[in-house]
Amino acid sequence: MNNPRQITTLRAAAVISSTIIGVGILSFPRFMAAAGGSSAPFIAFCGVVFSFLCYWLLVSLCRRFPKDSLFVFSKALIGRHPATVFTAVIMIMFIMLTGLTVRQFGDVATTVLYKKTPIEATIFLMLLTCLLSSRRNIVKFSYIHFFYLPLIISSILVTILISLKSVDLLNLQPVLMTPTPEFWKGVREASYLFQSSFVIVLLIPFMEKPGQAVRAGALAIVISGAIYVLIVIASVGMFGSEETKLLIYPTLEMARSTAFGEGFLERLDALFMIIWVISVYTTVYTTYYISAYLLQVLFGFRDQHMAASLLLPLMFTLSLLPSNVFESYQWALHLGNAGMFLLLGYPLLLWSAYLIRRFRKEAAS
């Protein structure tokens, strides 16, 4: 590769956006309704804003080292051994995240799409597809996301816009709520869906204009955040907050209840599920890619081929550990909590080390 900086700002935004829109889109309105009732869209919006602030904190630091990834310059800031430990912990988090994401995909697929297919087969095929995809370099990785994103966004938006005509505005009142513990719990849970925007630390060293990483993330979070907020508005507005709490997959029920063109498309759930499978693939592809990249960094492999292959049995085993769909969601929430402290706390630690070094350098000069 003669020019390593081949990823444009728009393509970086596509990677982040298609990663964020994934398996959680089916159950997201239930968590927001449980946290805020009719104020669920407001909580989802606050979660999007909070996610962007976390992203900004991370990228503002990475922009100061545009030639290196986070895992390289962190060694210079806090030392080789502490940086290695944090890299290993982040890798374990993304391995578990990949395993739980494909497990949630398997639960939905065997319930809705492939009722006679064993869940193990569904999970294994998704992981195998991501394994083969993860052997590509970072530039081809960005092209794959850029190719699928318009299809994902346009199809989901069409479903949402058609659903909005069935919304009862009374179900969305009152719109606002005071910041209670439940409110902050909902904001925190909403931000879990945006944790995979961490992929930007892999993209920055290959971006044509690394200084525009914040712009790329802002564009991606606005697009994916708007989709999530609109889905909450449509689901809660259509079913009401109390009924939304009782539905395992409110977004799927919303698509089932939506018709278009006087029977031309009697139900949109079939089309929606096809797009959902693609969106899950792009999400799992990213978390698998990050895990393989970190394993390569930790053990000094020449490329990601061996690292990606080694991860498949581990992720497959992890995905089968939860005994049912409710347990897998509980595991995902616990992992989201841990991920928030790690992906927010680690940049804060690096920022502190960077500012201390800068202060000492200025004092010495």
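Residues numbered from 1 in each chain as written. Predicted model: local features only at pLDDT ≥ 70, side-chain atom pairs only at ≥ 80, totals over all residues. Heavy atoms only, no water.

Trainee: What is the right way to read the packing of helix α3 (residues 40-62) against helix α8 (residues 181-192) from this model?
Mentor: Between two packed helices, both the angle of their axes relative to each other and the distance between the axes serve to describe the pair. As a packed pair, α3 and α8 sit with axes 8 Å apart at the nearest point and diverge in direction by 55°. The angle between α3 and α8 falls in the class oblique. Considering how the two elements wind past one another, α3 and α8 form a crossing that is right-handed. Contacts between α3 and α8 involve Phe42, Ile43, Cys46, Gly47, Phe50 and Ser51 from the former and Phe183, Gly186, Val187, Ala190 and Ser191 from the latter. By residue class, the composition of the contact of α3 with α8 is seven nonpolar, four polar and no charged. (Axes fitted to C-alpha atoms, helices over the stretch in contact; angles between N-to-C directions. Helix = DSSP H or I, 4+ residues; strand = E, 2+ residues; numbered from the N terminus. Parallel < 35°, antiparallel > 145°, perpendicular 65-115°, else oblique. Left-handed = near helix turned anticlockwise from the far one by under 90°. Contact = heavy atoms within 4.5 Å. Nonpolar A, V, L, I, M, F, W, Y, C, P; charged D, E, K, R; others polar.)

Trainee: Is there a simple way to explain the pattern of salt bridges in this structure?
Mentor: Two side chains of opposite charge can pair, provided their charged atoms sit close to one another. If you walk through the whole model with that rule in mind, you get five salt bridges. Between Glu189 and Lys185 there is a salt bridge whose closest N-O contact spans 2.9 Å. Pair noted here: Glu189 and Lys185 are both in helix α8, with a separation of four residues, about one helical turn. With a relative accessible area of 33%, Lys185 lands in the partly exposed category. A salt bridge links Lys245 to Glu242, with the nearest nitrogen and oxygen atoms 3.1 Å apart. (Salt bridge = Lys/Arg side-chain N within 4 Å of Asp/Glu carboxyl O. Buried < 20%, exposed > 50% of the residue type's maximum accessible area, 1.4 Å probe, protein only.)

Trainee: Help me out: how do you make sense of the side chain of Ser197 in this one?
Mentor: Among the secondary structure elements, Ser197 is positioned in the loop between α8 and α9 (200-203). Under the relative-accessibility criterion, Ser197 is labelled buried at 7%. Within the local environment of Ser197, its side chain forms a polar contact with the backbone oxygen of Phe194, the two atoms lying 2.7 Å apart. (Polar contact = N/O pair within 3.5 Å; in protein donor to acceptor, adjacent residues only side chain to side chain.)

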